[in-house]
Amino acid sequence: MRLMTPTCNLFDSDKEGAVYGMPEQEYRQERALSTSELKIMKNPSEFYKQVTGRLRRESTPSMELGTMFHSYILEPDRFHETYAVCPDECADGRTKEGKAWRAKVKELGQKPISEAQQRQLNNMKESIMQEEAWKFLEDDPVTELSVFSQDAWPYPSKCRIDCYHPHSETVVDIKTCAPGKASKKGFFYSVRDYQYALQQWNYIHLMREQGLPVKRWIWLFVETGGYYSAASWMLSKESMVRAGQTVHEYMTKLTHCLDEDHWPSYTSEGIQTVDVF
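To start, this report covers the structure provided alongside it. The structure presented is a predicted model; accordingly, all values stated were derived computationally and were not measured. Positions within a chain are numbered from 1, following the residues in the order the chain's sequence is written. Since the coordinates come from a predicted model, pLDDT governs what is reported: local features require at least 70, and pairs of side-chain atoms require 80 or more to be given and counted, while whole-chain, interface and lining totals use all residues. The side-chain values count all of the structure's non-hydrogen atoms but skip hydrogen atoms and water molecules.

## Points about the overall build of the protein
The helix count covers DSSP runs of H or I at least four residues long, the strand count covers runs of E at least two residues long, and both are numbered beginning at the N terminus. Scanning the protein from terminus to terminus reveals eleven helices and nine strands. Radius of gyration: over C-alpha atoms. The globule rule applied is 2.2 Å multiplied by the number of residues raised to the 0.38 power. Over its C-alpha trace the protein gives a radius of gyration of 21 Å, about what one expects of a compact globule, namely 19 Å for 277 residues. Seen along its three principal axes, the alpha-carbon backbone of the protein occupies a region of about 60 × 50 × 40 Å. Residue burial is assigned from relative accessible area. The probe radius is 1.4 Å, only protein chains are included, and a residue is buried under 20% of its type maximum, exposed over 50%, and partly exposed in between. A burial count over the protein gives 46% of its 277 residues as buried. Here a residue-residue contact requires only that any non-hydrogen atoms of the pair lie within 4.5 Å. Partitioning the contacts of the protein with sequence separation of at least 6, the portion at a separation of at least 24 is 71%. Across the protein, the centroid of the 34 positively charged side chains sits 4 Å from that of the 40 negatively charged ones. Counted as positive: Lys and Arg. Counted as negative: Asp and Glu. His and the chain ends are not counted at all. Just so you know, the charge point we use is NZ for Lys, CZ for Arg, CG for Asp and CD for Glu.

## A closer look at the pattern of salt bridges
Put simply, a salt bridge is a Lys or Arg side-chain nitrogen that is within 4 Å of an Asp or Glu carboxyl oxygen. Scanning all chains against the criterion turns up eight salt bridges. Two residues, E24 and R28, come together in a salt bridge whose shortest N-O distance is 2.7 Å. Here the residue E24 and the residue R28 both occupy positions in helix α1 (residues 24–29), the gap between them amounting to four residues, near one helical turn. A salt bridge links R78 to E75; the nearest nitrogen and oxygen atoms lie 3.2 Å apart.

## Overview of the state of the cysteines
Cysteine pairs can be covalently joined through their sulfur atoms, and such a bond is termed a disulfide. What counts as a disulfide here is a pair of cysteine sulfur atoms lying within 2.5 Å. One pass over the structure, following the stated rule, counts zero disulfides. Its sulfur unpaired, C163 is 14 Å from the next cysteine sulfur, which belongs to C159. Accessibility expressed as a relative area gives 0% for C163, which makes it buried. Just so you know, C177 is unpaired, no disulfide at all, and the nearest cysteine sulfur is the one on C163, 18 Å from it.

## Overview of the packing of aromatic side chains
Side-chain rings of Phe, Tyr and Trp (the six-membered ring for Trp) are treated as a pair once their centres are within 6.5 Å; stacked means planes under 30 degrees apart, edge-to-face means over 60, and tilted covers the remaining angles. Summed over the entire model, instances satisfying the criterion amount to 16 aromatic pairs. With a centroid separation of 6.0 Å and an interplanar angle of 50 degrees, the aromatic rings of F11 and Y155 are classed as tilted. Pair noted here: F11 is in the segment before β1 (17–19) and Y155 is in the loop between β5 (142–149) and β6 (157–165), with a separation of 144 residues, a long-range link. Comparing F11 with Y155, the two get one shared label, buried. Ring geometry for Y72 against F79: centres 5.0 Å apart, planes inclined by 70 degrees, an arrangement best described as edge-to-face. Classification of Y72 by relative accessible area gives buried; the value is 13%. On the accessibility criterion, F79 (2% relative accessible area) is buried. Taken together through their ring pairs, the aromatic side chains of F187, Y194, Y196, Y203, W217, W219, F221 and W233 make up a single cluster.

Below is the structure:
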């Protein structure tokens, strides 16, 4: 696949440093290389489609719930500005009360959620409050911290931190997951499937470039249903070494693709044979 967009326009952000209080939409509009994009370099053709805007992944209900829960926990004021809980008596949009409530919410520019969704969020919060990692969320942390770097990599780069506790130099990253997936086995497969180790390594790299030391990174998982179980996990040093190697491999691949203007897919070199035994 050949790149149709000039490569010089892909990453042209001039932002530098840690930016506090930046709205998520403003962060996403900055044309810097994100870790989510870098992960896609395992298949360069997908990376090309993503960063040039040709194709974008559609938001799923689970992704929307994750975004909502992050706001609920990390930015409660913004959550109440963004969402409005619909009383059960107004749930039927065909009734006079339902129509009036929806008209008011629309006028305020808010997103309606049900009382059942509110209870779901409360149940999830109650579960993570029982975790040791919760103490970092209570002790005046910096939340939704946007970090930009011009020098960490050959291209302007960025990341957005869920929760950074400067005093203990700890990061807490919150992940919502399906029932049963907060277990050790579930965490293992999530790290593998979503490349969370790569995310952790690159975020820490960008943070340290901006003078934000990190001694500890905690993954705080919470299930979105069932018993709403929660768990706190950390990745081994060996996992971080391998993650760093993968980040460098992806970055080298990205540089090669940009230089050659060539974005191969899984089998661009032809049909391949796989031995599954």
